[in-house]
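What the coordinates show
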Amino acid sequence: MSQLGKALARARTSARYSQDDVGAALGINRAMVSYWEAGTRTPNDRQLGAMARLYGIELIDLVEGRDVDSDADDLASMLLRANDGVDPGATPGIREFVQFLDRYAELARIVDEPIRGLSQSPFVFRQRFSQKDDIRRKAEEVRDYLRLGSAPISDLDPVCEALGITIYRARLGPDLRTSPSGAFLKHPEVGFSILVNLDMTPGRRRFTAAHELAHALFHSDETNQVLSHGRGPREIFADAFAGEFLMPSEGVRRFAEEVGLPPRIKDPVDIVHIQRYFKVSWPTALVRLRQMNAITQVTYTDLRASVRPVSLARALGYAIHPEEDIQDPELWRIRRFPRSFLRMLRHAVVTEVMSPPSAAAFAGLALPDIVQVLGSPLGDAEQESPHLETEFNEFEVTGVV
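These notes cover the structure that comes with them. (Residues numbered from 1 in each chain as written. Predicted model: local features only at pLDDT ≥ 70, side-chain atom pairs only at ≥ 80, totals over all residues. Heavy atoms only, no water.)

All right, on to the packing of helix H10 (residues 202-218) against helix H11 (residues 233-246) then. Where H10 meets H11, the axes come as close as 8 Å, and the angle between the chain directions of the two elements is 120°. In the packing of H10 onto H11, the handedness of the crossing is right-handed. Of H11, the residues touching H10 (which contributes Arg206, Phe207, Ala210, His211, Leu213, Ala214, His215 and Phe218) are Arg234, Glu235, Phe237, Ala238, Asp239, Phe241, Ala242, Gly243, Phe245 and Leu246. For the contact of H10 with H11, the per-class residue count stands at 11 nonpolar, 3 polar and 4 charged. (Axes fitted to C-alpha atoms, helices over the stretch in contact; angles between N-to-C directions. Helix = DSSP H or I, 4+ residues; strand = E, 2+ residues; numbered from the N terminus. Left-handed = near helix turned anticlockwise from the far one by under 90°. Contact = heavy atoms within 4.5 Å. Nonpolar A, V, L, I, M, F, W, Y, C, P; charged D, E, K, R; others polar.)

Here we come to helix H2 (residues 19-26). Each α-helix turn comprises 3.6 residues. Residues three or four places apart therefore point the same way. Those residues of H2 that fall on the buried side of the exposure criterion are Gln19, Asp21, Val22 and Gly23. Residues of H2 that are buried make contact with helix H1 (3-14), helix H3 (30-38), helix H4 (45-55) and helix H7 (91-110). Following H2 by one or two positions, Gly27 adopts a phi angle in the positive range, close to 75°. (Buried < 20%, exposed > 50% of the residue type's maximum accessible area, 1.4 Å probe, protein only.)

This part takes up unusual backbone geometry. In the Ramachandran plot, Arg147 falls in the positive-phi region, its phi being about 60° despite a non-glycine side chain. For Arg147, the position within the fold is in the loop between helix H8 (132-145) and helix H9 (156-163). For Arg147, a relative accessible area of 80% translates into the label exposed. In this model, Lys279 sits at a positive phi of 60°, which is unusual for a non-glycine residue. Its place among the elements puts Lys279 in the loop between helix H13 (268-278) and helix H14 (282-291). The exposure class of Lys279 is partly exposed, given its relative accessible area of 41%.

Turning to the side chain of Ser249, a few remarks are in order. For Ser249, the location among the structural elements is in helix H12 (residues 249-258). On the basis of relative accessibility, which here comes to 15%, the residue Ser249 falls in the buried class. A distance of 2.7 Å separates the side chain of Ser249 from the side chain of Glu244, its partner in a polar contact. Polar contacts involving the side chain of Ser249 include one to the side chain of Arg288, which spans 3.0 Å. Setting aside residues no more than four positions away along its own chain, Ser249 makes contact with Arg136, Glu244, Arg288 and Met292. (Polar contact = N/O pair within 3.5 Å; in protein donor to acceptor, adjacent residues only side chain to side chain.)

Below you can see the structure in the form of structure tokens.
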């Protein structure tokens, strides 16, 4: 076994990861981790950097084989202790989340730009006020605060950014009976931060982002961290809030009335229109309408089993997102980061505070990803849509510009 292989094995063991955990975190086969530790193969620089971040040690310490004990009382350990029933396979993703927050704080210091993170909720919450009407009122308060009214929310990332809440996505496992759907953490430097399980379906990820928002805004006075798993009172509250926040009762009723839908809905076409208007998934729409008693249990059961909602939406003329057909976490390789972090990273490279390779290693990205963050073309410029130039001409010839 090579010296590097021994160091990799010691660091992994110290961080309490299995080879399967490391393989899942890096997106490789477990056998490759075994080859590295046996010294028969050597990881590249990006993979070494990713393992150093995963194990919570400096890259130089890993490469030179220094023994560095992981901090058993770090923020990731606190989150993991919050629920003993969570699958250990979620550990790498949770540690990745916390390590990202530490890197985010470090990047802010490097570029000398403050993180305007929320550290105290602007909303009042008392546990006694946790009934259905109270939760609806809380969702309305947050929407009013953001001046959203009862309109659809096209993207939750800008909502979190406007509130000063950092949102990050990592793989935590696909089986929600044992894997957490997400987490809330109050980071000492970044402030309120939420994690969304990237192994879930796109619709469930969107629901979870709203769910974690509830923990941040209404449970942060009680605790600095919540791991979303199980069916405790906080989870029930956050689920109800997420439904009301994404599909407010008043907004659904108003939309149904304005477009001529009946108060009690049975036709799947009507539900597709509601689903697409509020930009939620088909399961989210069905569950929410059932919560509101806008559909019966019989209708819910029937439509859940019999309708092909993507095909129906396509037939009705709606645009279909690629992830509605094929779920691919790799599409989120860059998008898992909050936009403010990517802006800082780009600024660091443009101002030559970091070189592109250094920025890639810092963020755990490949060099082509950094090129994409910089806004430079990854392929032939001729691959760009020919309609762009046409549209510019259309504005200019009509005197708009």
